[in-house]
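Coordinate analysis (summary)
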Amino acid sequence: MVQEDKKRYKAKIAGNAFTIIGNESHYHMDIVNDLANEQLELIMGQSPTLTREQASILLAVNTLSIQVKQQELILDQRDEIVELKKEIAKVAELEDRLSKIEEREKEARKAVITENRQLTEDEMLNHIEVQKVLNQQVKEKIQKNNNQKKK
């Protein structure tokens, strides 16, 4: 495995010089450096009696809190993606069933027209099955819309 070259970045945070070694670009580190200084100034402005060390600790805690919230959001979104994939598979299966049933019904109608006869019991059941599948799709769509409105 080839290890990516580490980059050295000279940062100045709260008046202190740091050399940060990592994989991020200088542009990225400039943003992080500026953001850290802005946040420290904000914290110290809100609580002027804090030392820089205390303000730095609060900044670290705030940053970790944001990170935890973002990780929770990512996990929730992953769960939602899993559920959506299940629904997609279910819809695809229903569409496949519906397509097969519609094809059988089409053939039955053609046979009825060409043979000038009444539908058989199987042909009637196919028609009923098509209606059930269509009704199930409509019902699921309504439930999904209702669930989204509740959120």
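Structure shown above.
This structure is a prediction, so every number in the text was calculated from the model and none was measured. (Residues numbered from 1 in each chain as written. Predicted model: local features only at pLDDT ≥ 70, side-chain atom pairs only at ≥ 80, totals over all residues. Heavy atoms only, no water.)

1. What about the overall build of the chain?
Rules: Helix and strand definitions follow DSSP, with helices as H or I runs of at least four residues and strands as E runs of at least two, each counted in order from the N terminus. The buried label goes to any residue with under 20% of its type's maximum accessible area, the exposed label to any with over 50%, and the partly exposed label to all in between, with areas taken from a 1.4 Å probe on protein chains only. Should any heavy atoms of two residues lie within 4.5 Å, those residues are counted as being in contact. The Shrake-Rupley method, run with a 1.4 Å probe, gives the accessible areas here. Residue values count only the displayed protein chains as cover.
Within the chain one finds three helices and two strands. Going residue by residue from the N terminus, the α and β elements of the chain occur as β-β-α-α-α. Across the 151 residues that make up the chain, the buried fraction comes to 17%. Counting only contacts in the chain whose residues sit at least 6 apart along the sequence, the fraction spanning at least 24 positions is 31%. For the chain, the accessible area works out to roughly 12700 Å², and carbon and sulfur atoms hold 54% of it.

2. Remarks on the environment of threonine 63
Stated formally: Here a polar contact is taken to be a pair of N or O atoms separated by no more than 3.5 Å, where protein atoms must pair a possible hydrogen donor with a possible acceptor and residues adjacent in sequence count only if both atoms sit in side chains.
Locating threonine 63 in the fold gives a position in helix H2 (residues 52-115). When the C-alpha positions of threonine 63 and alanine 36 are compared, they lie 9.8 Å apart, and in sequence the two are 27 residues distant. A polar side-chain atom of threonine 63 sits 2.8 Å from the main-chain carbonyl oxygen of leucine 59.

3. Looking at the side chain of glutamate 140
Relative to the assigned elements, glutamate 140 resides in helix H3 (residues 121-150). Looking at glutamate 140, the relative accessible area reads 18%, which means it is buried. In this structure the side chain of glutamate 140 is engaged in a polar contact, spanning 2.8 Å, whose partner is the side chain of glutamine 136. The residues contacting glutamate 140, other than those within four sequence positions of it, are Lys90 and Leu94.

4. Describing a negative patch on the surface
Rules: Each patch is built from residues lacking any salt bridge and having more than 30% relative accessible area; the joining distance is 9 Å for like charges and 5 Å for nonpolar side chains (Val, Leu, Ile, Met, Phe, Trp, Tyr). The salt bridge definition used is simple: a Lys or Arg side-chain nitrogen within 4 Å of an Asp or Glu carboxyl oxygen. Residues scored as positive are Lys and Arg, those scored as negative are Asp and Glu, and His as well as the terminal groups of each chain are ignored. Lysine's charge is taken at NZ, arginine's at CZ, aspartate's at CG and glutamate's at CD.
A cluster of acidic residues, Asp30, Asp34, Glu38 and Glu41, forms a negative patch on the protein surface. Following the sequence through the fold, glutamate 41 ends up in helix H1 (residues 26-46). For glutamate 41, a relative accessible area of 60% translates into the label exposed.

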